[in-house]
Amino acid sequence: MKSVFKSFFKFTVKNIYALIGITLVIFLYNNCAPGFSANSTGSIIDDSGGLNNGPPKIDSTKNSFSIKTQDCKASDAYSIKKAMLTRLTNKEILYSILDLTSVDVSGWQEFRDLPIENYSVKGLANEGINQIHRQRDVRSYQKLMTKVASNFLDASNNSVVDCNYNSSKNCFQSVINNFANTAHRGAPNTQLISLLSDNYDNFDDKKEAMSFAIEVILMSPEFLYKLKDFQHNGTNNQLLLAERLSYFLWSSQPDETLLQLAKSNQLSSQTQLKQQIDRMLQDARFERFYDTFVMDWLQLDKAHKNFTSEGKKSNQLISSLINEPKKMFQYIVEQDKPINDLLVGNYTYADKNIENYYNLANIGNNNIVATTSDRMGLLLQAAPIAGSGELVTHANSTHPTVRGYNLLKKFFCLPPEALPAELEDVVGNIKDTLNDNQTKKQSLAFLQTGECGQCHIQTDPIGLSLENYDSFGNYRQTENGLTIDPSGRLPSGESFSNATEMIHKLNDSSVFSFENCLTHTLVSYARSVTLTRNNLCETEKLKIQKQTTFKELIHKIVLSDSFLR
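Residues numbered from 1 in each chain as written. Predicted model: local features only at pLDDT ≥ 70, side-chain atom pairs only at ≥ 80, totals over all residues. Heavy atoms only, no water.

A. Molecular detail of the overall build of the chain. Counting its regular elements, the chain contains 26 helices and ten strands. Buried positions account for 57% of the 565 residues belonging to the chain. In the chain, the share of contacts with a sequence separation of at least 24, taken over all contacts with a separation of at least 6, comes to 74%. (Helix = DSSP H or I, 4+ residues; strand = E, 2+ residues; numbered from the N terminus. Buried < 20%, exposed > 50% of the residue type's maximum accessible area, 1.4 Å probe, protein only. Contact = heavy atoms within 4.5 Å.)

Set out below in structure tokens:
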């Protein structure tokens, strides 16, 4: 009879509890305000959720089409839409499991089988229907967590299980209480823990009871979702602040220090927040930021796919190319360089593969080296270039309009208006537009006039300036036997002769603001919500300067209303 009850109990918890989680998701999706999103990196949408509100129409008398301080009124209502529910990204699950159990699942097939992240024009978007775990998704999570629990209990260095749960129910209760407290970010599901504890005696094999309890805790919505939003006050609000801070900087759940500060209502003081920011930035776990934020922001996964499937690059070269922007970002952070170096820095992180790819001088043993005159900042590195264009079919299939659009969106938060649906098929295929006897610049010139001009005058000159770089970031001076002319004129009026000069013009312009866009993008990432153009006013108020360091920027963000509300 005990065996029958145990089987029924296991079936109930493993299946019904998962269905309860799904029901909760559906309920919140149908009843809460919009704004569901995982770690989205810098989406620029209008308040209705569409890409219909790009930069204001260009006023030729003012040469200005960006949001500036004078456009942001002090009376503007705080308008960041709250994400009532966000699903952890797969990397957040990876790092959370690692911190909880010391089990590294990155190479497991069970981890690769988890539901993939969902990308759209808005960036990474685990939102709406994509928040819901379907039956096949639940099975994939269950397979992973079953294996995690087994490996966790078999580990010789397991410091969590510090008593004999095989003969002591009190020990069993203590272990699962402590584990759930961390896994559920300081607010464990007490009913679930009580249920698991009450049925300890129904397992003949106590190791199986412990493994099952660990598995269920990791399968619960309290672990897989960030379920709640900030309240007006109280400990719950502090715990959510700890959660938001830890997933922002560590891509994982809060550690014991953050949880204890939150439970004692001390975390929200500016003094404590500053101390915790400094502590977390110095912690080794912060290195994950380069594998999460930087990867998503620069679409390096897309670059990896292009390098592999279309570029046929070697695994060693691909690893170096993907590593380059992450390592440069890390160098800028650790050396307290200004964030503006991400845009105009004349150095990069290079190994022998990068040296050969870019034709750099012998780099010796120093991985941070000066770039050549045709390389500068992140924007002209091979991987960000490969991640910013269309899905390539060969090295010459660059699309200036797409490149210009993505550059404006990613680095300056100024995408043009969405392409009218009736024109998508026409403009989407560049082969319908280009003439083999003309350069792309000559072929696309007509698009910068007439009805199409409002958008193309913003995107095309910028995209055409990048034509010296093929789809994989190789530098070239000709295409199809024709000399490339990278010169052009920004929509704000400044002229340039090539890509590096174009970037300097963008940097020096009073119209464009890389630093404000980076701030906006980081807030979007930190809040796990897709921000709107109106939220640029919120980040503009932080007054981030070109010479601001990354650490200073993080302090300003975390202490701002954009993060704390």
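After presenting the structure, the write-up continues.
B. Focus on the packing of helix H2 (residues 90-101) against helix H12 (residues 288-297). Where H2 contacts H12, the two axes come as close as 11 Å, and the packing angle between them is 165 degrees. By the angle between their axes, H2 is roughly antiparallel relative to H12. Of the two elements, H2 crosses H12, and the hand of that crossing is left-handed. Residues Lys91, Tyr95, Leu98 and Asp99 of H2 lie in contact with H12, whose contacting residues are Arg288, Asp291, Thr292 and Met295. Taken together, the residues of the contact of H2 with H12 break down into three nonpolar, one polar and four charged. (Axes fitted to C-alpha atoms, helices over the stretch in contact; angles between N-to-C directions. Parallel < 35°, antiparallel > 145°, perpendicular 65-115°, else oblique. Left-handed = near helix turned anticlockwise from the far one by under 90°. Nonpolar A, V, L, I, M, F, W, Y, C, P; charged D, E, K, R; others polar.)

C. The state of the cysteines, seen in detail. Here the structure, examined in full by the defined rule, presents two disulfides. A disulfide bridge connects cysteine 413 with cysteine 517, and the sulfur atoms are separated by 2.1 Å. Of note, the bridge from cysteine 413 to cysteine 517 carries an S-S torsion of about 85 degrees and is right-handed in sense. One end of the pair, cysteine 413, is in the loop between helix H18 (400-412) and helix H19 (424-428); the other, cysteine 517, is in helix H23 (residues 514-527), and 104 residues separate them in sequence. Neither residue differs from the other here; cysteine 413 and cysteine 517 are each classed as buried. (Disulfide = S-S within 2.5 Å.)

D. Local environment of the pattern of salt bridges. A full pass over the atoms with the stated rule returns 17 salt bridges. The shortest N-O distance in the salt bridge between aspartate 291 and lysine 91 comes to 3.7 Å. Residue aspartate 291 is found in helix H12, and its partner lysine 91 is found in helix H2; the two are separated by 200 residues along the sequence. Its salt-bridge partner being arginine 403, residue glutamate 467 comes within 4.0 Å of it at the nearest N-O pair. Of the two residues, glutamate 467 sits in the loop between helix H21 (453-465) and strand S7 (478-479) while arginine 403 sits in helix H18, which places them 64 residues apart along the sequence. (Salt bridge = Lys/Arg side-chain N within 4 Å of Asp/Glu carboxyl O.)

E. Inspection of helix H6 (residues 190-198) at higher detail. Within the sequence span of H6, burial applies to Leu192, Ile193, Leu196 and Ser197. One side of H6 carries all its buried residues, which in axial view fall inside an arc of 135 degrees. For H6, the exposed residues lying more than 90 degrees away from the buried face are Thr190, Gln191 and Asp198. (Arc of directions from axis to C-beta.)

F. Structural context of the packing of aromatic side chains. Counted under the stated rule, the structure contains 28 aromatic pairs. Summarising the aromatic geometry, the rings of phenylalanine 293 and tryptophan 297 are spaced 5.6 Å apart at their centres and angled 25 degrees between planes, so their arrangement reads as stacked. Taken as a pair, phenylalanine 293 and tryptophan 297 lie in helix H12 at a separation of four residues, close to a single helical turn. Like phenylalanine 293, the residue tryptophan 297 is buried in the burial classification. Members of the aromatic cluster, connected to one another through ring pairs, are Phe248, Phe286, Phe289, Tyr290, Phe293, Trp297, Phe329, Phe411, Phe514, Tyr525, Phe550 and Phe563. For lysine 206, the ring lying beneath its charged end belongs to tyrosine 200, and the centroid distance is 4.4 Å. We note arginine 285 situated over the ring of tryptophan 250; from NZ or CZ to the ring centre the distance is 3.8 Å. (Phe/Tyr/Trp six-rings, centres within 6.5 Å; stacked < 30°, edge-to-face > 60°. Lys NZ or Arg CZ within 6 Å of the ring centre and 35° of its normal.)

G. Structural view of the nonpolar core. With 89 residues, the main nonpolar core has Phe248, Phe289, Phe307 and Phe329 as its most contacted residues. Broken down by element, the residue count for this core peaks at eight residues, all from helix H14 (residues 315-334). In contact with phenylalanine 307, other than residues within four places in its own chain, are Lys312, Lys313, Ile318, Leu321, Ile322, Tyr357, Ala382, Ala383, Ala386 and Phe472. If you look at the next biggest cluster of nonpolar residues, it comprises 47 residues, including Tyr141, Val148, Val175 and Ile214. (Core = buried A, V, L, I, M, F, W, Y, C linked by side-chain atoms within 4.5 Å.)

H. Summary view of helix H22 (residues 499-508). For H22, the complete set of buried residues consists of Ala499, Thr500, Met502, Ile503, Leu506 and Asn507. Projection of H22 onto a plane perpendicular to its axis shows the buried side chains occupying an angular sector of 160 degrees, all on one side.

I. Representation of unusual backbone geometry. Unlike most non-glycine residues, asparagine 359 shows phi in positive territory, near 60 degrees. With respect to the helices, strands and loops of the structure, asparagine 359 is situated in the loop between helix H16 (352-358) and strand S6 (368-370). Positive phi is not limited to glycine here, since lysine 543 has a value of about 55 degrees. Along the chain, lysine 543 turns up in the loop between helix H24 (536-540) and helix H25 (550-558).

J. Spatial organisation of the side chain of glutamate 515. Along the chain, glutamate 515 turns up in helix H23. Ignoring anything within four residues of it in the chain, the contact list for glutamate 515 reads Ile339, Asn340, Ile544, Gln545 and Lys546.

K. Structural view of the confidence of the model for the chain. For the chain, the mean per-residue pLDDT works out to 78, and 70% of the residues sit at or above 70. With pLDDT under 50 throughout, residues 19-39 is counted as low confidence; its partners more than four residues away or in other chains account for 53 contacts. In the model, residues 391-395 has pLDDT below 50 throughout and makes 13 contacts with residues more than four positions away in sequence or in other chains. (pLDDT = per-residue confidence, 0-100.)

L. Representation of the environment of lysine 206. Along the chain, lysine 206 turns up in helix H7 (residues 206-219). Distance from lysine 206 to asparagine 166, taken between C-alpha atoms, is 5.2 Å for residues 40 residues apart in sequence. The residues contacting lysine 206, other than those within four sequence positions of it, are Tyr165, Asn166, Tyr200 and Asp201. Only 3.1 Å separates the side chain of lysine 206 from the backbone oxygen of tyrosine 200, close enough to count as a polar contact. At 2.7 Å, the side chain of lysine 206 and the backbone oxygen of phenylalanine 203 are in polar contact. (Polar contact = N/O pair within 3.5 Å; in protein donor to acceptor, adjacent residues only side chain to side chain.)

M. Just the side chain of serine 388, in detail. Checked against the element boundaries, serine 388 lands in helix H17 (residues 382-388). Judged by relative accessible area, serine 388 falls into the buried class, the value being 11%. At 3.0 Å, the side chain of serine 388 forms a polar contact with the backbone oxygen of isoleucine 385. The residues contacting serine 388, other than those within four sequence positions of it, are Val402, Arg403, Asn406 and Lys410.

N. Geometry of the packing of helix H5 (residues 169-183) against H6. At their nearest, the axes of H5 and H6 sit 10 Å apart, and the two run at 155 degrees to each other. Compared by their axis directions, H5 and H6 come out roughly antiparallel. The handedness of the crossing between H5 and H6 is right-handed. Contacts from Lys169, Phe172, Gln173, Ile176, Asn177 and Ala180 of H5 reach H6 at Ile193, Leu196, Ser197 and Asp198. Class assignment for the residues of the contact of H5 with H6 results in five nonpolar, three polar and two charged.

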